[in-house]
Amino acid sequence: MDETFTLLPLHLDPSSKAISTSSTSSTSSSSALTTELATLNALHRTLLSLETPGKTPPPPIPVNPKRSAAITKMRENGNAHFRKGAHAEAVRLYTFAIDMALGRPVWEPAGLVREEVAGLFANRAAAQMGLRNFPEAAVDAETSVEMKRIGNAKAWWRRGKCLVEMGRLRESKDWLGKALEVEGKEAEIVGLLAEVKKELERRGE
Amino acid sequence: MVDWVSLAIPFAYLGILVGSLATFSYLYRQRKANKAASLAPWFGPHLQRNIYLTLLHLEPESTGEKKGPAVPETVLKAALLRRATEDVQRVIAVRNAKPALTTLLQRGSVGDDLWQRFLRAEKEIEEELRDVIQEANAFTPGWGATIFQSANEIHNNQTVRKRIEEIQSQAATERQWWDKKRENTQAQFMKELESEKPSTPKAKPTESPASGSVTANPSAPEAPAAAAAAAPQTGNTAGSEEDAVLVESGGPTIGADSAAGGGAKAGKKKKGKK
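Residues numbered from 1 in each chain as written. Chains lettered and ligands numbered in written order. Predicted model: local features only at pLDDT ≥ 70, side-chain atom pairs only at ≥ 80, totals over all residues. Heavy atoms only, no water.

A. Expanded view of the overall build of chain A. When its secondary structure is counted, chain A shows eight helices and two strands. Overall, chain A shows an N-to-C arrangement of helices and strands of β-β-α-α-α-α-α-α-α-α. Classification of the 205 residues of chain A by burial places 45% in the buried group. In chain A, once contacts between residues fewer than 6 apart in sequence are set aside, the share between residues at least 24 apart is 50%. As displayed, chain A has an accessible area near 9700 Å², and 57% of this comes from carbon and sulfur atoms. (Helix = DSSP H or I, 4+ residues; strand = E, 2+ residues; numbered from the N terminus. Buried < 20%, exposed > 50% of the residue type's maximum accessible area, 1.4 Å probe, protein only. Contact = heavy atoms within 4.5 Å. Areas by Shrake-Rupley, 256 points an atom, 1.4 Å probe, with all protein chains shown as cover.)

And the structure:
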């Protein structure tokens, strides 16, 4: 890239140190600039909360263990409530944990976030099923699968089950078929798929 | 004795030849350079880079006699990190495009211009990366080694969060659809029940307002209850045929029954969880 750049009409707020643009035109390029500046300011705030010398983001690994511990604790708590049958409370706790996992500093490993969030969404799906909130449970299970496709048979099964509950048998059959492709011969998925097929046949479709 | 006149002819020939070749080469190169310069860049303007460099060159604003503060280093670091993130996206784009573009070029499906643009973009991005690493090391020694790791994770995190948001945003519409569907099936169920019992017309006027309230307030446990209440009435009028109809129309009811089993199963499965 050559040694030139476009000078942008930027302005620094002396007290909050936030960067803003002084251009008032509402073209698409200036709206891109505004969103970019918003991201920049958010990133700056997370940088300020750092404890490393010089406020430089550390390398992705090792991860600050505090947040991981808090998330694990929240999940254990949610699991305990779930086992007792307090599904609403479990949903609340899982939601907390999910927010916390998604609130990790952005330079921490995304793989870790995926892993955590996949488990949490799968658990929340189960709790939502307990509350008979099938649409929410189906969406949660789908999110979980999206985050972790392989080795996540429970989430696959849960979405399939929710679709059955909502009467979307065709969709459920497709979904479970996909699940079998990814997960191999998982007994529970095979069983549910057989049920769905039988039900479809009974309805003459 | 050398014959200068006859010797001048080959020299003149050589001179003209070399001269014309040189002129051609010069013109050809110039035209090519012009063409290359007029090629559109592969990527759009690098917004993050512009922001970073603007901030770097931002003069402290002098308002009155008091001088405004200079841009703090943390802001510059954040801007550099944003720039690195955008670079990571560009590097990924270049790497993804390269094999496909090479194949297309070999087959002659794309022109040379495109390939030139691509090569230039590749070179530009290399220089850009080097520049960012230098800048990072200037802030904190050793940061240059990790800034792109961080930027890569930032990029991945952004994609993950966007995807989650996308999927989770479906929840509201799914819920609306489900509520509507449940209402519909319940209304239909009630209607079928009523049309199935012409032999007991007396029950009709008293029954219908109640069923109306049930459909208006769709909550799952009521459906089986309503079915149970209706079952004795219909059961005595006709035999197996009625049952078949009940089962047929009772899609959601059956679902609800098996849902209880499903819930229990989910509970059991849960214990094996990490």
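B. The arrangement of the overall build of chain B in detail. When its secondary structure is counted, chain B shows 10 helices and two strands. When its helices and strands are written in sequence order, chain B yields α-α-β-β-α-α-α-α-α-α-α-α. Residues counted as buried form 34% of the 274 residues belonging to chain B. Within chain B, residue pairs in contact and separated by at least 24 positions form 74% of the contacts whose partners lie at least 6 positions apart. Accessible surface, chain B: about 16500 Å² in total, of which carbon and sulfur atoms supply 60%.

C. Spotlight on a nonpolar patch on the surface. Together, B:Val2, B:Trp4, B:Leu7, B:Phe11, B:Tyr13, B:Leu14, B:Leu17, B:Val18 and B:Leu21 line one region of the surface with nonpolar side chains, adding up to about 970 Å² of accessible area. Tracing the backbone shows B:Trp4 in helix α1 (residues 4-37). (Patch = residues over 30% accessible without salt bridge, like charges linked within 9 Å, V, L, I, M, F, W, Y side chains within 5 Å. Salt bridge = Lys/Arg side-chain N within 4 Å of Asp/Glu carboxyl O.)

D. Summary view of the interface of chain A and chain B. Across the boundary between the two partners, chain A contributes 76 residues, which contact 67 residues of chain B. Between B:Arg175 and A:Glu136 there is a salt bridge, with the nearest N and O atoms lying 2.9 Å from each other. Remark: the boundary between chain A and chain B carries 16 residue pairs in polar contact (both at pLDDT 80 or more). Within the residue set of the side of chain A that touches chain B, elements represented by two or more residues are β1 (10-12), α1 (28-48), α2 (65-84), α3 (87-102), α4 (110-130), α5 (134-147), α6 (153-165) and α8 (187-202) of chain A. No other element matches α1(A), which puts 10 residues into the side of chain A that touches chain B. Taken together, the residues that form the side of chain A that touches chain B break down as 37 nonpolar, 13 polar and 26 charged. (Polar contact = N/O pair within 3.5 Å; in protein donor to acceptor, adjacent residues only side chain to side chain. Nonpolar A, V, L, I, M, F, W, Y, C, P; charged D, E, K, R; others polar.)

E. How the structure looks around the UniProt feature "transmembrane region" (unreviewed entry) in chain B. Mapped onto the present numbering, the UniProt feature "transmembrane region" (unreviewed entry) falls on residues 6-28 of chain B. Helix makes up 100% of residues 6-28 of chain B and strand 0%, and the two end C-alpha atoms of the span are 34 Å apart. (UniProt positions renumbered as here; feature names shortened; annotations may be inferred.)

F. Looking closely at the nonpolar core. Grouped together as the largest cluster of nonpolar side chains are 33 residues, with contacts concentrated most on A:Ile19, A:Leu40, B:Ile51, B:Leu55, B:Leu80 and B:Ile147. Mapped by element, the contributors of at least two residues to this core are β1 and α1 of chain A together with α2 (47-56), α3 (73-107), α4 (112-139) and α5 (143-168) of chain B. The greatest single-element share of this core, amounting to eight residues, is contributed by α3(B). Look past the residues within four positions of A:Ile19 in its chain and what remains in contact with it is A:Leu10, A:His11, A:Leu12, A:Leu37, A:Leu40, A:Asn41, B:Leu55 and B:Val75. Formed by 25 residues, the second largest nonpolar core is a distinct cluster that contains A:Met129, A:Trp157, A:Ala179 and A:Ile189. (Core = buried A, V, L, I, M, F, W, Y, C linked by side-chain atoms within 4.5 Å.)

G. Up close: the side chain of A:Glu108. With respect to the helices and strands, the residue A:Glu108 is situated in the loop between α3 and α4. Excluding residues that lie within four positions of it along the chain, A:Glu108 makes contacts with A:Val63, A:Asn64, B:Glu153 and B:Asn157.

H. Representation of helix α7 (residues 169-183) of chain A within the structure. All names here are of chain A. Spanning 15 residues, α7 covers 20 Å between terminal C-alpha atoms, matching the ideal 21 Å at 1.5 Å per step. Lining the buried residues of α7 we find α5, α6 and α8. Gly184 sits one or two residues past α7 and shows a positive phi near 75°. (Expected span 1.5 Å × (residues − 1).)

I. The arrangement of the confidence of the model for chain A in detail. Chain-level statistics for chain A give a pLDDT mean of 81 and a share of 91% at 70 or above. Element-level mean pLDDT values for chain A span from 73 in β1(A) up to 88 in α5(A). (pLDDT = per-residue confidence, 0-100.)

J. A look at the confidence of the model for chain B. Residues and elements named next belong to chain B. This prediction gives chain B a mean pLDDT of 73; 67% of its residues lie at or above 70. Throughout residues 200-274 the model reports pLDDT below 50, and contacts reaching past four residues in sequence, or to other chains, amount to 81 contacts. Here the predicted complex carries an ipTM of 0.80, next to a pTM of 0.66.

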